[in-house]
Structure formats: C-alpha cells, structure tokens
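Next come the chains, spelled out residue by residue.
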Amino acid sequence: MPPQQPPQRNEIVEWYNSIPPITKALFTLSIATTAISTFGIISPSSLILYWPNIRNKLQLWRLVSCFFFNKISLGYAFNLYFLYRNSLQLENEVFQGQPADYMFFHLFTSGLQLAASSLFGIYVLSDGLLLSIAYLWAQHHREMPVTFMFGIRFKALYLPWAMIASDFLMSGAIPRASVAGMVASHIYYYLTSIYPSQGGRRYLQTPEFLKRLFPANSRAFRGGFGRQDQASGSSTSTNNNTNMFGRHTWGTGQRLGS
C-alpha cells in the first residue's frame, strides 16, 4: 500500500481561521457588504443609514450595514488592511482573553456614532468604525513610531488626528463620520481608562449577558498564516515601527446621493 500523502495546506484558509472571532467578523462583513453592493446583488441605497426607512419600514439591517458599506478601490484595500491589523492587536493584546469587553467597545462606540449620524446627517459610518478602532489602538500604542504619507514619522498617538487632517485636506470637507468615530472611541477610553485611573468610579461596565455570550478565554489568535499561539500576556506590540504604506483615501461620511 503506497504511503498516504499528507493533506495539502491552504495558507489562506489557515490564516483566515487564525483570526480572532470579533476581528474576523468585522473583516468578513466589510468584504461581504462591499462585494454584494459592488456586484449589484443588493442596491447600495438599501445599505446606507436612512432613518425614515428604519423607523417607518423597520429596515433594521441598515443599523449594521452602514458600518461596513464601502466602494471597491485602492483606498478601500488599505482601509481593510488597517482595520484587520489594528483590530487584531486590540483583540489579542488590549482585550486579551476578554472578547465580551471588546464586543462591548464596538457596541458602545457604534451606538454613539448612530446617535451622531441622526444629528449630523451621516449616511455611511465605515470610516467611523475605522477611526474608532484606530483611536483606541493609538492610545494603547502611544509611543510606537509610525510612518505616514511621504515618510513623515511621528508617534502613534497622533495617527488618528493625522488621518482626519488628511481627509479634510483631500476632500475640503470635515470628515464627519471619522470625527464621530474618534469622539466615540475617546468617550469609551475616558470612561474605562482615564477617569478610573484618576481615582474615579468606572461607570462603564461590560453587561453580564455579553460575558455569557462571549466567555473569557486564555488563547490569543495571532492572525499569522496558520499559526495560533498562546496568549503572551503582553499588552504592547512587538513591532517597533509601523509603516502606513503611504497615505490612502480614508474617505468621508457620504451624503445621500453622493
């Protein structure tokens, strides 16, 4: 009997399976929502945040799809990469072994962004999702050097501000979705980290039902090709430098019909 050949490895599948669950959901929803609208499976107008249809026709999916709707472009490819990278580090390091806390971060900041959208007429919040993740990542990697747009180097702390300033210079308009995402993330960070560290009470707590839905675990998914490692216990990145691969178009909050 001839020796059996070991099954062929598919590195793409192994890499995808190695992504931690919440980052995997964000990554997958962004690709799926963008693809179905780009290829005409679903009309883009049915995915944006249009409050009259939510209230009158109960099109509740818009409350979710508006965070993942994009147009396929080079800028979108960069956005998708940064969403994956920053979210992966947050889930593996800052929220290591506590997926319920990371899920609560997204629910809390998304709720604030939805409230802002109803006040300021924002129809697409994908940039807000990116900035909320980027802001919290920057707060926890404040001293890490990053390279941005034509080789400009500065601390990660200033990255969200640089992204918003670049959006403003490129579009000529205030990127309301990005600002909403950053402000929402700052409110979360202030209530969970800054204020309690100053002796104040931590008012923002992860609900118990989320802890039951997303139980704590001790395994960190590294997101490498087919590699899963035990949690290292480190809360800082092992990279000494982050290359932003030049500046891409992060986009602005899109108005209806734009």
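No experiment lies behind these values; they were computed from the predicted model shown. (Residues numbered from 1 in each chain as written. Predicted model: local features only at pLDDT ≥ 70, side-chain atom pairs only at ≥ 80, totals over all residues. Heavy atoms only, no water.)

Comments concerning the overall build of the protein chain
Tallying secondary structure elements over the protein chain gives 10 helices and 5 strands in all. Counting across all 258 residues of the protein chain, residues that qualify as buried make up 46%. For the protein chain, long-range pairs separated by at least 24 residues make up 71% of all intrachain contacts whose partners lie at least 6 apart in sequence. A total of about 13,600 Å² of accessible surface is found on the protein chain, and carbon and sulfur atoms cover 61% of it. (Helix = DSSP H or I, 4+ residues; strand = E, 2+ residues; numbered from the N terminus. Buried < 20%, exposed > 50% of the residue type's maximum accessible area, 1.4 Å probe, protein only. Contact = heavy atoms within 4.5 Å. Areas by Shrake-Rupley, 256 points an atom, 1.4 Å probe, with all protein chains shown as cover.)

A look at the nonpolar core
Tyr102, Leu125, Trp137 and Tyr188 are the most contacted members of the largest nonpolar core, which has 44 residues in total. Taken together, the elements giving at least two residues each to this core come down to helix H2 (21–38), helix H5 (74–94), helix H6 (99–120), helix H7 (126–140), strand E1 (145–148), helix H8 (159–171) and helix H9 (176–197). Per element, the largest residue contribution to this core is 9 residues, and it comes from H7. In this structure, Trp15, Ile19, Tyr76 and Leu88 belong to the second largest nonpolar core, which totals 7 residues. (Core = buried A, V, L, I, M, F, W, Y, C linked by side-chain atoms within 4.5 Å.)

Structural notes on the UniProt feature "transmembrane region" (unreviewed entry) in the protein chain
As recorded in UniProt, the feature "transmembrane region" (unreviewed entry) lies at residues 25–51, 63–84 and 104–125. The distance from the first to the last C-alpha atom of residues 63–84 is 21 Å, and the span holds 64% helix and 0% strand. From the first C-alpha to the last, residues 104–125 spans 18 Å; its make-up is 77% helix and 0% strand. (UniProt positions renumbered as here; feature names shortened; annotations may be inferred.)

Let's talk about the packing of H7 against H8
At a minimum axis distance of 8 Å, the contact between H7 and H8 shows a crossing angle of 145 degrees. In contact with Leu131, Ala134, Tyr135, Trp137 and Ala138 of H7, H8 contributes Leu159, Pro160, Met163 and Ile164. For the contact of H7 with H8, the class distribution of residues is 9 nonpolar, no polar and no charged. (Axes fitted to C-alpha atoms, helices over the stretch in contact; angles between N-to-C directions. Nonpolar A, V, L, I, M, F, W, Y, C, P; charged D, E, K, R; others polar.)

Overview of the packing of aromatic side chains
Applying the stated criterion across every chain yields a total of 13 aromatic pairs. Seen from their ring centres, phenylalanine 104 and phenylalanine 108 are 6.2 Å apart, and the 45 degrees between their planes marks the pair as tilted. A residue pair is termed a helical-turn pair when its members lie 3 or 4 positions apart in one helix, as phenylalanine 104 and phenylalanine 108 do in helix H6 at 4 residues. Taken individually, phenylalanine 104 and phenylalanine 108 each receive the classification buried, so the pair is uniform in this respect. Pairwise contacts between aromatic rings join Phe95, Tyr102, Phe104, Phe105, Phe108 and Tyr188 into one cluster. The residue whose ring lies beneath lysine 24 is tyrosine 16, and the NZ or CZ to ring-centre distance is 5.0 Å. Between arginine 85 and the ring centre of tryptophan 137, over which it is positioned, the NZ or CZ distance is 5.1 Å. (Phe/Tyr/Trp six-rings, centres within 6.5 Å; stacked < 30°, edge-to-face > 60°. Lys NZ or Arg CZ within 6 Å of the ring centre and 35° of its normal.)

Some remarks on the packing of H2 against H5
At a closest axis distance of 8 Å, the pairing of H2 and H5 adopts a crossing angle of 165 degrees. Between H2 and H5, the angle is such that the two are roughly antiparallel. For the element pair H2 and H5, the recorded crossing hand is right-handed. Residue-level contacts link Pro21, Ile22, Thr23, Leu26, Phe27, Ser30, Ile31 and Thr34 of H2 to Tyr76, Leu80, Leu83, Tyr84, Ser87, Leu88 and Glu91 of H5. Considering only residue class, the contact of H2 with H5 consists of 10 nonpolar, 4 polar and 1 charged. (Parallel < 35°, antiparallel > 145°, perpendicular 65-115°, else oblique. Left-handed = near helix turned anticlockwise from the far one by under 90°.)

Brief notes about the pattern of salt bridges
Per the stated rule, a full pass over the model turns up 2 salt bridges. One salt bridge in this structure joins glutamate 143 and lysine 155, with 2.9 Å as the shortest N-O distance. Here lysine 155 lies in strand E2 (residues 152–155) and glutamate 143 lies in the loop between H7 and E1, a separation of 12 residues in the sequence. Judged by relative accessible area, which is 55%, glutamate 143 ranks as exposed. Where lysine 211 meets glutamate 208, a salt bridge forms, and the shortest distance between an N and an O atom there is 3.8 Å. You can see lysine 211 and its partner glutamate 208 sitting in helix H10 (residues 208–213), 3 residues apart, about one turn around the helix. (Salt bridge = Lys/Arg side-chain N within 4 Å of Asp/Glu carboxyl O.)

Focus on H5
Counted at 1.5 Å a residue, the expected span for H5 with its 21 residues is 30 Å, and the 29 Å between its end C-alpha atoms agrees. Of all 21 residues in H5, 16 are buried, a share of seventy percent or more. N-cap assignment for H5: the residue whose side-chain oxygen lies 3.2 Å from the backbone N of tyrosine 76 is serine 73. (Expected span 1.5 Å × (residues − 1). Polar contact = N/O pair within 3.5 Å; in protein donor to acceptor, adjacent residues only side chain to side chain.)

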